[in-house]
Amino acid sequence: MSLATRNGSPVDAPVSPPKVVRQRRVRPGLLGLAVLLIALGGLGAAFAVTSVRATGSYLAVARPVEVGREISAADLITVQVAGGQGLRPVPAGRLDEVIGKRAAVALVPGTLLTLGQVTDDPLLGPGQQQIALGLKTAQVPARDLHPGDKVLLVSTPDDNATGAAAAAGTRFPATVIDTASPANDDKVLYLALTIRDVPAVVALAAQERIAVVLTEAA
C-alpha cells in the first residue's frame, strides 16, 4: 500500500480500482472459416496417405536382357509398387503384350519395365538382309556377342591366289541380330548385311574365308 503524508502524518492513499479487460467477441463467420480449414486439412492428409499406400502390380526385369533380344516370361517378374506417381511402368495385366517383343535398350534386373524399353520393330533396316554365319569358337571375336553389336567381316587370303590378290582383304560391315550355340560348341551368328554384300559374304563363308572383328558393342 502506498503512503502519503499530510502535515507530516502518514495517511493511506486512495487505491485505484482494477481495470476490467473486456473479452473479444469471436465472429461466427471467422469461427466457421477456421472449422472449414481444419476439415480441409484433414481431408488433404487422408488423401496423401491413401495415395502413398495405394499399390499396384507391375512388371519388373528379373534377369539381364540384351538389346534386340526377344523378351520371354522368364525375363520378367510381377512386383507390388506403392504410389508410383510420375512413373509409367507396365501393369502386370499387360504381360502378354510384352512377351515376344524385343528389348529396345539393355534391361537391367530390379528395374521396372516401361513400354519405351520394348519394340516389335525388326532389327533389319531398309536395304538389309539376314544371313547365318557358322564359326568355330576360336573365330568368335568376343566371349559373347549380343544383338546390336557392330562387326566387320573381313575376307581372308585365297590359298590359290598370288601377289596382291592373296593379301587383299575385303571388308563388309554387319550388325548382330542374334546368336546360337549348337551342341558341338560352335557359334552361329545371325547378321544383318547390306543386300549388295550378301552374295560375296555367302561365297566367302562357303570357302571358310571370313574373319569377324568386333567394332562396337551394343
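Below: a short report on this structure. Here the residue index of a chain counts from 1 through its sequence in written order. Where local features are concerned, this predicted model is filtered to residues with pLDDT of at least 70; where side-chain atom pairs are given and counted, the filter is 80 or more; whole-chain, interface and lining totals use all residues. Heavy atoms from the whole structure form the basis of all side-chain values; hydrogens and water molecules are not counted.

**Here's the deal with the pairing of strand E9 (residues 171-180)**
Using the following cut-off: The criterion for strand pairing is that DSSP finds at least two bridges linking the strands in question. Numbering of helices and strands runs from the N terminus; a helix is a DSSP stretch of H or I covering at least four residues, while a strand is a stretch of E covering at least two.
Strand direction decides the pairing type here: strand E8 (residues 150-155) and E9, joined by five bridges, are antiparallel. Note on E9: the bridge partner recorded for Leu153 is Phe172. Bridging between E9 and strand E10 (residues 187-194) involves five bridges; their strand directions are antiparallel. Residue pairing for E10: Asp178 is matched across the bridge by Tyr190. Connecting E9 to the antiparallel partner E10 that follows it, the hairpin turn spans six residues, and Asp185 within it adopts a positive phi of roughly 70°.

**Overview of the sheet that holds E8**
Applied cut-off: Axis lines are fitted to C-alpha atoms, over the contacting stretch for helices. Their N-to-C directions set the angle, which ranges from 0 to 180 degrees.
Strands sit in the order E7-E10-E9-E8-E11 across an open sheet of five strands; the sheet is antiparallel. At either margin of the open sheet sits one strand with a lone partner, and together these are strand E7 (128-135) and strand E11 (210-216). Shown here is a sheet whose adjacent strand axes are inclined to one another by a mean of 40°, direction ignored.

**Section: helix H4 (residues 198-206)**
Convention followed: Relative accessibility decides the category of a residue: with a 1.4 Å probe and only protein chains considered, values under 20% of the type maximum give buried, values over 50% give exposed, and everything between is partly exposed. Think of it as the arc spanned by the lines of direction from the helix axis to the C-beta atoms. Contacts are assigned to residue pairs with any non-hydrogen atoms lying within 4.5 Å of each other.
Burial in H4 covers these residues: Val198, Val201 and Leu204. Here the buried residues of H4 occupy an arc of 135° about the axis, which is enough to place them on one side. Exposed side chains of H4 directed beyond 90 degrees from the buried face belong to Pro199 and Ala206. Buried-residue contacts for H4 involve E7, E8, E9, E10 and E11.

**Notes on the pattern of salt bridges**
Rules: By definition here, a salt bridge exists when the distance from a side-chain nitrogen of Lys or Arg to a carboxyl oxygen of Asp or Glu is within 4 Å.
This structure, assessed with the given rule, holds four salt bridges. Note that Arg94 and Glu97 form a salt bridge whose closest N and O atoms lie 2.9 Å from each other. Owing to a relative accessible area of 32%, Arg94 belongs among the partly exposed residues under this scheme. Glu97 sits in the partly exposed class, given a relative accessible area of 43%. The partner of Asp186 in a salt bridge is Lys136, and the shortest N-O contact between them spans 3.5 Å. One end of the pair, Asp186, is in the loop between E9 and E10; the other, Lys136, is in the loop between E7 and E8, and 50 residues separate them in sequence. One connected set of salt bridges, linked through shared partners, spans Arg63, Arg69 and Asp75.

**Some points on unusual backbone geometry**
Outside of glycine, negative phi angles account for most residues, and trans bonds account for most peptide bonds. Even without a glycine there, the phi angle at Glu208 is positive, about 55°. Structurally, Glu208 can be placed in the loop between H4 and E11. On the basis of relative accessibility, which here comes to 72%, the residue Glu208 falls in the exposed class.

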